[in-house]
There are 2 protein chains.
Amino acid sequence: MAILERELVDSPWLELGDHCFRSRLIVGIEQYTSASLVGDILQASGTEVFITTVDPDRHRSSLLLSDLADYVPLDRYIWIGTTSFARSARSALRTAWILRDNYGIRIMKLDVRDESNRPDNWQTIECARELLAEGFEIMPFILPVPEDARVLEEMGCAALRLMASPVASGRGIVDPCGLQEIIARCRVPTIVEGGLGSAVHAAHAMELGASAVLVNTALVKAREPLLMAAAMRQAVDAGRLAYESGPMRADGPVD
Amino acid sequence: MAILERELVDSPWLELGDHCFRSRLIVGIEQYTSASLVGDILQASGTEVFITTVDPDRHRSSLLLSDLADYVPLDRYIWIGTTSFARSARSALRTAWILRDNYGIRIMKLDVRDESNRPDNWQTIECARELLAEGFEIMPFILPVPEDARVLEEMGCAALRLMASPVASGRGIVDPCGLQEIIARCRVPTIVEGGLGSAVHAAHAMELGASAVLVNTALVKAREPLLMAAAMRQAVDAGRLAYESGPMRADGPVD
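To keep things clear, this report deals only with the structure shown in the data block. Here the residue numbers are simple positions, counted from 1 along each chain's written sequence. Chains carry letters from A onward and ligands carry numbers from 1 onward, assigned in written order. Residues qualify for local features only when their pLDDT is at least 70, as the model is predicted, and side-chain atom pairs are given and counted only at 80 or more; totals for whole chains, interfaces and linings, by contrast, use all residues.

### Some remarks on the sheet that holds strand β3 (residues 25-27) of chain B
Residues and elements named next belong to chain B.
Then step 1. By this definition, two strands are paired if DSSP reports at least two bridges between them. Numbering of helices and strands runs from the N terminus; a helix is a DSSP stretch of H or I covering at least four residues, while a strand is a stretch of E covering at least two. Strands sit in the order β3-β10-β9-β8-β7-β6-β5-β4 across an open sheet of eight strands; the sheet is parallel. What marks the edges here is a single partner per strand, and that holds for β3 and β4 (49-52). Strand after strand, the sheet turns through a mean of 25° between neighbouring axes, direction not considered.
Then step 2. As judged from the three bridges shared by strand β9 (residues 190-193) and strand β10 (residues 212-215), these two strands associate in the parallel manner. Note that in β10 the partner of V192 across the bridge is V213.
Then step 3. The contact criterion used here is simple: two residues whose C-beta atoms, placed from the backbone, lie within 7 Å are in contact. Under this scheme, a helix contributes an axis fitted over its contacting stretch, all axes are lines through C-alpha atoms, and angles between N-to-C directions fall in the 0 to 180 degree range. Where helix α5 (residues 121-133) meets the sheet, it contacts β6 (107-110) and β7 (137-142), and its direction lies at approximately 180° from that of β7.

### A look at the interface of chain A and chain B
Then step 1. Contact with chain A, which involves 42 residues of that partner, is made by 42 residues of chain B.
Then step 2. Mapped onto the side of chain A that touches chain B, the elements with two or more residues apiece are α8 (199-207), α9 (217-221) and α10 (225-245) of chain A.
Then step 3. A total of 13 residues in the side of chain A that touches chain B trace back to one element, the largest contributor, which is α10(A).
Then step 4. Grouping the amino acids of the side of chain A that touches chain B by side-chain chemistry returns 21 nonpolar, 11 polar and 10 charged. Classification convention: Asp, Glu, Lys, Arg as charged; Ala, Val, Leu, Ile, Met, Phe, Trp, Tyr, Cys, Pro as nonpolar; all other residues, Gly among them, as polar.

### Some thoughts on the sheet that holds strand β9 (residues 190-193) of chain A
Residues and elements named next belong to chain A.
Then step 1. What the eight strands build is an open sheet, ordered β3-β10-β9-β8-β7-β6-β5-β4; its pairing is parallel. Looking at the sheet topology across the chains shown, the edges are occupied by β3 (25-27) and β4 (49-52). Put simply, the sheet's adjacent strands are angled 25° from each other on average, direction ignored.
Then step 2. Its contacts with the sheet place helix α5 (residues 121-133) against β6 (107-110) and β7 (137-142), and it is angled at close to 180° to β7.

### Description of the environment of G195(A)
Residues and elements named next belong to chain A.
Then step 1. Structurally, G195 is set in the loop between β9 and α8.
Then step 2. For every residue, the other C-beta atoms within 10 Å of its own C-beta are counted; 20 or more classify it as buried, 12 or fewer as exposed, and values in between as partly exposed. C-beta atoms are placed from the backbone. Since 24 C-beta atoms lie within 10 Å of it, G195 is described here as buried.
Then step 3. A sequence separation of 26 residues divides G195 from K221, and the C-alpha atoms of the two residues are 12 Å apart.
Then step 4. When residues no more than four places from it in sequence are discounted, the contact partners of G195 are A164, S165, P166, V167, S169, G170, R171 and G172.

### Overview of α10(A)
All names here are of chain A.
Then step 1. A helix is expected to span 1.5 Å for every residue after the first. The end-to-end C-alpha separation of α10 is 30 Å, in line with the 30 Å expected for 21 residues at 1.5 Å each.
Then step 2. Within α10, 21 of the 21 residues are buried, leaving the element largely enclosed by the surrounding structure.
Then step 3. Just beyond α10, the residue with positive phi is G246, at close to 70°.

Below is the structure:
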């Protein structure tokens, strides 16, 4: 890749304190049962973020840090916490506190989901207000509702995570125009997440102007997760370069 | 990129005589007026194919080979001819003969378009029959009609070029399922072409199982053609890797 292109895809899209986010691919790892596979996935994806969590309600198992440490160079990653197991603002807050008090994590991937596993925007906003007041940097996950995005941005969130389609559905971006409008208006970085089932969906999100994408199930469910991780890495660069290139516009609906 | 991934994206998808096609990105260059830009585009795209033509009816200008030779290392490319200016089988044949007799070209990107600039499948088949009888290797461009694809494959075409959407429209792949079915059934390599307006469309074609894509207007019309060429190059690798990874399937239409 030429120098200009390298610069474009490697320039930071988010800086939080000493942490500089350059890779535009973030990978969820809470579905794996093999620590060695997690290590390989993180490497193949080129991500710089290590997402960890605890389950305060003990509903699910997760890999132990002590097991991961054998396969993942943990000190090389930016650690962020996730509340993705939380089904209420209360449970999300409890998770955040445990991660802060035990791991020293201050950057939180905030998720408050409803029973259908979709983001609960109202509860997320409520929870965001409390965590921000406590000094957390937060990245809330929301349904792409313009007004909710605006409220969270003005509250001081570090970045917004916008749902493309239901988590684990693999349906891609169901409303590209709607998503693009929110991204274009948003003054903090946007991460597109949920339902990105393959490389084409990741490239699509980046072409709409997203700062980054977060993928998870697409890798877990691929026949060859490491190949899909490599595909996602390339797709994110491809989509970013295409966005920066000022692509042509389609000449209207097919007749 | 790891060794396995490099092998997957670099393994030949077509071999014709001494020519080995590895790059899965083919770039049309007949719309440019700057030979230096053509040189940069070919390099940024990583393509291995140099497409040249003559206009037997003198309807359009094109860059002269002697000008291109100052900017393009012509001997490093696989030369193929194109009949993309042809509006009849007769005109296509005349173009092919001129390219054979003057440049020694035996591999022909066969296009016979109607007045609306769409492939004329019937005339293309007629023309293919004649060129094959004369010993050409041909890659015909057709509307994605399963029966026409089958006929051309059985006639002995080297590869088939399937239209995604109208040339220069930027609309992407209008019927992904239909295209995927033809690609899956076809025993010769398939190239998806026409209307691929950005990186996401190229990745999409590759994820559907195409052997390669051909782009043209997407580069010409991008604000930064070289960035788009780089984006397309990455998108093709991303899509191929995703296809090879055995991606998850979407869980059905959005409710």
